[in-house]
Amino acid sequence: MRIGIDEARRLAERGLAGLGLPAAEAARVAEHLLDCELRGLGYAGLARVLSMAERFADRPHQGRPITVLAETPVSARLNGGDNVGYLVGHEATRIATEKALASGIAVVGANDTWYTGMLSFYAEMATKAGLAVMIASNATPWVAPAGGTEPRFGTNPICFGFPGDEGPVIWDIGISNIIHAQAVMARRLGQALPEGAAYDAQGRPTTDPVAALDGAFMAWGGHRGSGLGVVVQLLGMIAGSPVMPEHLSDFGYLVIAFRPDLLSPLEEVKRKVSAYSALIRDTRPVEGGPPVRMPFDRSAALRAERLAQGEIEIPDAILDAVRGLAARG
């Protein structure tokens, strides 16, 4: 079903309010979810309101504040207060941005959070301020390491962002063939998962999302994706997460931001970033293939297209369920 962007935002805010989030927090989370929808990532969009409802049913919303446990001019460690990661990641990135602008570089870690969402959302915050950034977030173990069939690390996104004259370059990836939100969405819609994406609880390959959620996802790229998964899990531990975070609980979030002018003039860096992006896009494509893109090109283009249209498309089952939650708000 097609729905207006403003209507979808209001619906998300009402649904989140129905879960007990204060108005300002509901608006911040809704902004993130709507950006996912605009960029074609519906499994991480309004459907996440339903996932949050399920999580709160299992572990009620506590409403504890996000607190700073330790701080220096170039660092901070936050306790997320069991708040959803859309809020914790935003606050951690805001603090990192302010400190990096003032001191040149900053590292901020946060724990006691969950569902950090698209790391590229936070990378855009930093690159708009003229900063380069690296962000990582670990999670509940859902992914098996290369050669194994039992979960040992999360889908563990890692993201890099660079400011440019003609927009940022942002590379944001998870380390599994599918992410948790895609399996949950497939379960909601009664759809099968792609081949080669998951194992069931007995270690057998499966396309059943229910079986996959009880088993493990496969890391992409064999030992390469698996190695990145291990690295992000360790970075999350540095931020304060336990070795094996419980289900949707106590994720770790780490952001390192710095001013490029510590090494080169900012305007020169931005010019070079855009010049290099043009070289990548001008690469001769394989015969019969589409034009070569830079990371983030697809997302940015689709977001611009949908903003111009003023509408997004959401599966009826998801929309009806979120409307049910909104009626409680």
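All values reported here derive from a predicted model rather than from experimental measurement.

Peer 1: Please provide a residue-by-residue account of the environment of Ile95, values included.
Peer 2: Structurally, Ile95 is set in helix α4 (residues 85–103). In the structure, Ile95 is positioned 176 residues away from Arg271 in sequence and 27 Å away in space, judged by C-alpha atoms. When sequence neighbours within four positions are dropped, the list of residues in contact with Ile95 reads Ala76, Leu78 and Val108.

Peer 1: Any chance you could break down the packing of aromatic side chains for me, citing the residues and the numbers?
Peer 2: Going through the model one piece at a time under the given rule, you end up with six aromatic pairs. For the ring pair Phe56 and Trp114, a centre distance of 5.6 Å and an interplane angle of 90° mean the geometry is edge-to-face. With Phe56 in helix α3 (residues 47–58) and Trp114 in strand β4 (residues 105–114), this residue pair connects regions lying 58 residues apart in the sequence. With respect to burial, Phe56 and Trp114 carry one shared label: buried. Relative to Tyr253, the ring of Tyr122 lies with its centre 5.5 Å away and its plane at 80°, an arrangement referred to as edge-to-face. Highlighted residues: Tyr122 in helix α5 (residues 119–128) and Tyr253 in strand β12 (residues 251–258), separated in sequence by 131 residues. Accessibility classification places Tyr122 together with Tyr253 in one group, the buried group. One aromatic cluster is present, formed by Phe56, Trp114 and Tyr115 through successive ring pairs. The cationic tip of Arg48 hangs over the ring face of Tyr115; the distance from NZ or CZ to the ring centre is 3.9 Å.

Peer 1: How would you summarise a nonpolar patch on the surface if you had to cite specific residues and measurements?
Peer 2: A contiguous nonpolar surface patch, about 380 Å² in accessible area, is contributed by Val74, Ile105, Leu262 and Leu263. When you line up the elements, Leu263 lands in the loop between β12 and α9 (266–281).

Peer 1: Tell me about α3, and name the residues and values.
Peer 2: Along its twelve residues, α3 runs 17 Å from first to last C-alpha, staying within 8% of the 16 Å computed at 1.5 Å per residue. Of all the twelve residues making up α3, nine are buried; the element is thus mostly covered by neighbouring parts of the structure. Within the sequence span of α3, burial applies to Ala47, Arg48, Val49, Leu50, Ser51, Met52, Ala53, Arg55 and Phe56.

Peer 1: Which residues make up the nonpolar core, and what values do they have?
Peer 2: Counting residues in hydrophobic clusters, the biggest one holds 78 residues, and the most contacted among them are Leu16, Val29, Met52 and Ile135. Look past the residues within four positions of Met52 in its chain and what remains in contact with it is Leu16, Leu19, Leu21, Val29, Val84, Tyr86, Trp114 and Tyr115. One finds Met134, Ala136, Ile158 and Val232 within the second-largest nonpolar core, a separate group that totals eight residues.

Peer 1: Lay out the packing of α3 against helix α6 (residues 180–189) with the relevant residues and their values.
Peer 2: Where α3 contacts α6, the axes come no closer than 11 Å and their chain directions differ by 90°. With respect to each other, α3 and α6 are oriented roughly perpendicular. Along its contact with α3, which presents Ala47, Arg48, Leu50, Ser51 and Glu54, the element α6 presents Ala181, Val184, Met185, Arg187 and Arg188.

Peer 1: Let's hear about the environment of Asp112: which residues, and what values?
Peer 2: Turning to its location among the elements, Asp112 is positioned in strand β4. Residue classification places Asp112 among the buried residues on the basis of a relative accessible area of 10%. As for Asp112 and Arg259, which are separated by 147 residues in sequence, their C-alpha atoms are 28 Å apart. What Asp112 contacts, discounting residues up to four positions off in sequence, is Arg64, Asn79, Gly80, Gly81, Asp82, Asn83, Asp250 and Phe251. At a separation of 3.1 Å, a polar atom in the side chain of Asp112 contacts the side chain of Arg64.

Peer 1: Quick one: what's the story with the sheet that holds strand β9 (residues 198–199), residue by residue and with numbers?
Peer 2: In space, the four strands of this open sheet follow the order β6-β11-β9-β10, with mixed pairing throughout. Each having just a single partner strand, β6 (143–144) and β10 (205–206) make up the two edges of the open sheet. Relative to β10, β9 runs antiparallel, the two being bridged by two bridges. Its bridge partner being in β10, Tyr199 is matched across the sheet by Pro205.

The rules behind these values
Residues numbered from 1 in each chain as written. Predicted model: local features only at pLDDT ≥ 70, side-chain atom pairs only at ≥ 80, totals over all residues. Heavy atoms only, no water. Helix = DSSP H or I, 4+ residues; strand = E, 2+ residues; numbered from the N terminus. Contact = heavy atoms within 4.5 Å. Phe/Tyr/Trp six-rings, centres within 6.5 Å; stacked < 30°, edge-to-face > 60°. Buried < 20%, exposed > 50% of the residue type's maximum accessible area, 1.4 Å probe, protein only. Lys NZ or Arg CZ within 6 Å of the ring centre and 35° of its normal. Patch = residues over 30% accessible without salt bridge, like charges linked within 9 Å, V, L, I, M, F, W, Y side chains within 5 Å. Areas by Shrake-Rupley, 256 points an atom, 1.4 Å probe, with all protein chains shown as cover. Salt bridge = Lys/Arg side-chain N within 4 Å of Asp/Glu carboxyl O. Expected span 1.5 Å × (residues − 1). Core = buried A, V, L, I, M, F, W, Y, C linked by side-chain atoms within 4.5 Å. Axes fitted to C-alpha atoms, helices over the stretch in contact; angles between N-to-C directions. Parallel < 35°, antiparallel > 145°, perpendicular 65-115°, else oblique. Polar contact = N/O pair within 3.5 Å; in protein donor to acceptor, adjacent residues only side chain to side chain. Pairing = 2+ DSSP bridges.

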